[in-house]
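Residue-level structure breakdown
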Amino acid sequence: MHHITLIPGDGIGPEITEATLKVVEATGVEIKWEKVKAGEAALESEGTPLPENVIESIKKNKVALKGPLTTPVGSGYRSINVALRKELDLYANLRPARSYEGIKSRYQDVDLVVVRENTEDLYAGVEHMVGEDAAESIKIITRKGSERIVRFAFEYAKKEGRKKVTAVHKANIMKYTDGLFLEVARRVAEDYPEIEFEDRIVDNMAMQLVQKPELYDVLVMPNLYGDILSDLCAGLVGGLGVAPGANIGDEYALFEPVHGTAPKYAGKNVANPMAMMLSAVLMLKHINEEEAAAKIINALQEVLKEGKVLTKDLGGQASTSQFADAVVEKIV
Ligand code: NAI
């Protein structure tokens, strides 16, 4: 029996979570969910968007599945997502992008994974004004941070039977920061002779991804490039509604869809639960329930290929729960 923390989240979160739980349950995998509230849901009932018991629960169970949480723009509380990543040292952000027959997109054969460093770079938050008319942000790249993210990418490639890792950087211009990242990547690559290694300059990478995404496999990069290119990759395969994600550290792992709370669809039973279902698939693989993960992928593929029960964003008329029922029906 696996014990896993469940944060249904705000907006469409509870609906896509319910749909996902149905599908996970249908695989027969034994999971005891520990449900906790965060975000707006917690602010209303407990007076804080990130109650202590959320962190405690994840620290105890080591694994969590999470729906999207509201982050107020400008004022209000800080992003709970960022707080969770910091508190749990979830340094690797995993963003797979894969084409599915039946989902409209410009490409058919994309199957790549962006591994984004999640704690350093220009996102370390070391920023200040210099006088009144200038501002400065410090880009932080460390040997330790680079080493663990590149190693994570290679270990992931090994586990998933993937063939190639591409390091993405701008070391031609930022010779110290990105230069260090690239130097570390080259060295770590030597420990994995069975996996091909190459590097690309980030601007060239953006063009190549649009021209021939099928040539790429696992991409590893510092925080800022990862933020931008992972959304580009989601766009290659059908957008936010189908983009899963994971935030992983040495001790804890948090699985969540890339999209937000989609407030205009909240409570209407129309949102696409696929990104959340695919995040649950990543979670199942992480806890070594490969068979259950494969069952969900196969069922999703069949539903999409048939094209009869699709949510609105995928061009159909089905509700969130109808889509979930269709997937459950295909699970054998
Ligand atoms: P969003 O991802 O919620 O919405 C962007 C667009 O995609 C909207 O048109 C939305 O309706 C659509 N969309 C998103 N998910 C969908 C789904 N599953 N099915 C169908 N359509 C879907 O991003 P937005 O509007 O920028 O943010 C809304 C709220 O979500 C904000 O409070 C933001 O801070 C939060 N957010 C939370 C995230 C998280 O918890 N990981 C990630 C991104 C945003």
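Within the structure shown, the criterion is met by 3 aromatic pairs. With a centroid separation of 6.1 Å and 35° between ring planes, the pair formed by phenylalanine 154 and phenylalanine 197 is classed as tilted. Taken together, the positions of phenylalanine 154 in helix H5 (residues 143-159) and phenylalanine 197 in strand E9 (residues 196-201) put the pair 43 residues apart, joining distant regions of the chain. For phenylalanine 154, a relative accessible area of 0% gives the class buried. Grouped by ring-pair contacts, the aromatic residues Phe154, Tyr192 and Phe197 constitute a single cluster. Residue placement shows lysine 164 over the ring face of tyrosine 216; its charged tip is 5.0 Å from the ring centre.

Our next topic: the site of the ligand. Neighbouring the ligand are 20 residues, the closest being Leu69, Gly260, Thr261, Ala262 and Asn272. The side chain of lysine 264 places a nitrogen or oxygen atom 3.3 Å from an oxygen atom of the ligand. Protein chains bury 69% of the 810 Å² of accessible surface belonging to the ligand in isolation. Its residues assigned to classes, the shell around the ligand comprises 9 nonpolar, 7 polar and 4 charged.

This next bit is on the packing of H5 against helix H6 (residues 177-189). Look at H5 against H6: their axes get within 9 Å of each other, and the N-to-C directions meet at 45°. Here H5 is positioned oblique relative to H6, judged by the angle of their axes. For H5 against H6, the interelement crossing comes out right-handed. Taken together, the residues of H6 that come into contact with H5 (itself represented by Arg143, Ser146, Glu147, Ile149, Val150, Arg151 and Phe154) are Leu180, Phe181, Glu183, Val184, Ala185, Arg187, Val188 and Ala189. Here the residues of the contact of H5 with H6 sort into 9 nonpolar, 1 polar and 5 charged.

So, on to the environment of lysine 305. Here lysine 305 lies in helix H10 (residues 290-306). Between the alpha carbons of lysine 305 and alanine 157 there is a distance of 28 Å; along the sequence they are 148 residues apart.

What counts and how
Residues numbered from 1 in each chain as written. Predicted model: local features only at pLDDT ≥ 70, side-chain atom pairs only at ≥ 80, totals over all residues. Heavy atoms only, no water. Phe/Tyr/Trp six-rings, centres within 6.5 Å; stacked < 30°, edge-to-face > 60°. Helix = DSSP H or I, 4+ residues; strand = E, 2+ residues; numbered from the N terminus. Buried < 20%, exposed > 50% of the residue type's maximum accessible area, 1.4 Å probe, protein only. Lys NZ or Arg CZ within 6 Å of the ring centre and 35° of its normal. Near = heavy atom within 4 Å. Polar contact = N/O pair within 3.5 Å; in protein donor to acceptor, adjacent residues only side chain to side chain. Areas by Shrake-Rupley, 256 points an atom, 1.4 Å probe, with all protein chains shown as cover. Nonpolar A, V, L, I, M, F, W, Y, C, P; charged D, E, K, R; others polar. Axes fitted to C-alpha atoms, helices over the stretch in contact; angles between N-to-C directions. Parallel < 35°, antiparallel > 145°, perpendicular 65-115°, else oblique. Left-handed = near helix turned anticlockwise from the far one by under 90°. Contact = heavy atoms within 4.5 Å.

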